Amino acid sequence: MYSCLLFLCGNMKAHIIRRNMIYRCYMRLKALRANLIFWFPARGIHCYAVTWTDGKSTTCEMLYHIMKRSGIKVWILSTVHIDVGEGKYDNQTKLTSLSHRDFQKYLARAKRNGITHMVIEASSHALYQFRLWPIRCTGVWFTNLSHEHLDFHWTMEHYCRT
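Just so we're clear, the structure is a prediction, and the values are computed from it rather than from any experiment. Sequence positions are assigned chain by chain, starting from 1 and proceeding in written order. In keeping with the predicted nature of the model, local features appear solely for residues at pLDDT of at least 70, side-chain atom pairs appear and are counted solely at 80 or more, and the whole-chain, interface and lining totals rest on all residues. Only heavy atoms go into the side-chain values, all of them from the structure, while hydrogens and water stay out.

Participant: Can you tell me about the overall build of the protein chain, naming the residues and giving the values?
Facilitator: To qualify as a helix, a DSSP run of H or I must reach at least 4 residues; to qualify as a strand, a run of E must reach at least 2; elements of each kind are numbered from the N terminus. Counting its secondary structure elements, the protein chain contains six helices and six strands. Secondary structure elements in the protein chain, listed N-terminal to C-terminal, are α-β-α-β-β-β-α-β-α-β-α-α. Sequence-distant contacts in the protein chain: of pairs separated by 6 or more residues, those separated by 24 or more amount to 72%. If you sum the accessible surface of the protein chain, you get close to 9900 Å²; carbon and sulfur atoms cover 62% of it. Note on contacts: a residue pair is in contact if any heavy atoms of the two residues lie within 4.5 Å. Per-residue and other accessible areas follow the Shrake-Rupley method at a 1.4 Å probe size, with only the shown protein chains counted as cover for residues.

This is the structure:
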């Protein structure tokens, strides 16, 4: 009986790994499609990302104001606000990170407005799903780590690797 159970668990794990690989390939294709539509707008923009559990929006706001007061052309994308160089307004979606297409659309608008730096709130979900791809971050801030997103990541190890 135990060998049968072990076999079933092994098959289940292999199935989950295959589904996960297919899912991540699908997410990469969505990211590539969004970048092709908007001609890879992240090129030439310096990115500063804030990630993990609590304090992301506050840290983003502080970085944004410091950079703006220093005369840097900066945009912000957080759960609270969006500013792509056309004035700051509330993020009506209340999403930490937007979809692949929406993120690239805002990035393209910011680039057209002469923005050279961006401050983004990056959720672990968005990082795992390649919603922020192909951004190369100049700076990354980790606020803290808690068990909050284990419904999505299953284990703390998986959460940390993301």
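Participant: Hey, could you go over the pattern of salt bridges for me, with residue numbers and the actual values?
Facilitator: We define a salt bridge as a contact between a side-chain nitrogen of Lys or Arg and a carboxyl oxygen of Asp or Glu at a distance within 4 Å. Under the defined criterion, the tally for this structure stands at four salt bridges. Note that K68 is salt-bridged to D83, the shortest N-O span being 3.8 Å. In this pair, K68 sits in helix α2 (residues 56-69) while D83 sits in strand β3 (residues 81-83), placing the two residues 15 residues apart along the sequence. Residues D102 and K105 are paired through a salt bridge, measuring 3.8 Å at the closest nitrogen-oxygen approach. Here D102 and its partner K105 are both found in helix α3 (residues 100-112), three residues apart, which amounts to about one turn of the helix. Of the residues examined, D102 reaches a relative accessible area of 30% and is grouped as partly exposed. Accessibility here uses a 1.4 Å probe with only protein chains present; expressed as a share of the type maximum, an area under 20% marks a residue as buried, one over 50% as exposed, and anything in between as partly exposed.

Participant: Could you give me a rundown of the sheet that holds strand β1 (residues 46-51), with the residues and numbers involved?
Facilitator: An order of β4-β3-β2-β5-β1-β6 is seen for the six strands of this open sheet, with the pairing classed as mixed. The strands lining the two open edges of the sheet, one partner per strand, are β4 (89-90) and β6 (137-142). We call two strands paired when DSSP finds no fewer than two bridges between them. For strand β2 (residues 74-77) and strand β5 (residues 117-122), the ladder comprises four bridges, and the chain directions are parallel. When the sheet's bridge partners are listed, W75 is paired in β5 with M118. Those strands touched by α2 are β1, β2, β3, β5 and β6, and its axis lies near 175° from that of β5. Note on method: axes are straight lines fitted to C-alpha atoms, helices fitted across the in-contact stretch only, with angles between N-to-C directions ranging 0 to 180 degrees. Sheet strands in contact with α3 are β2, β3, β4 and β5, and its direction is about 160° off that of β2.

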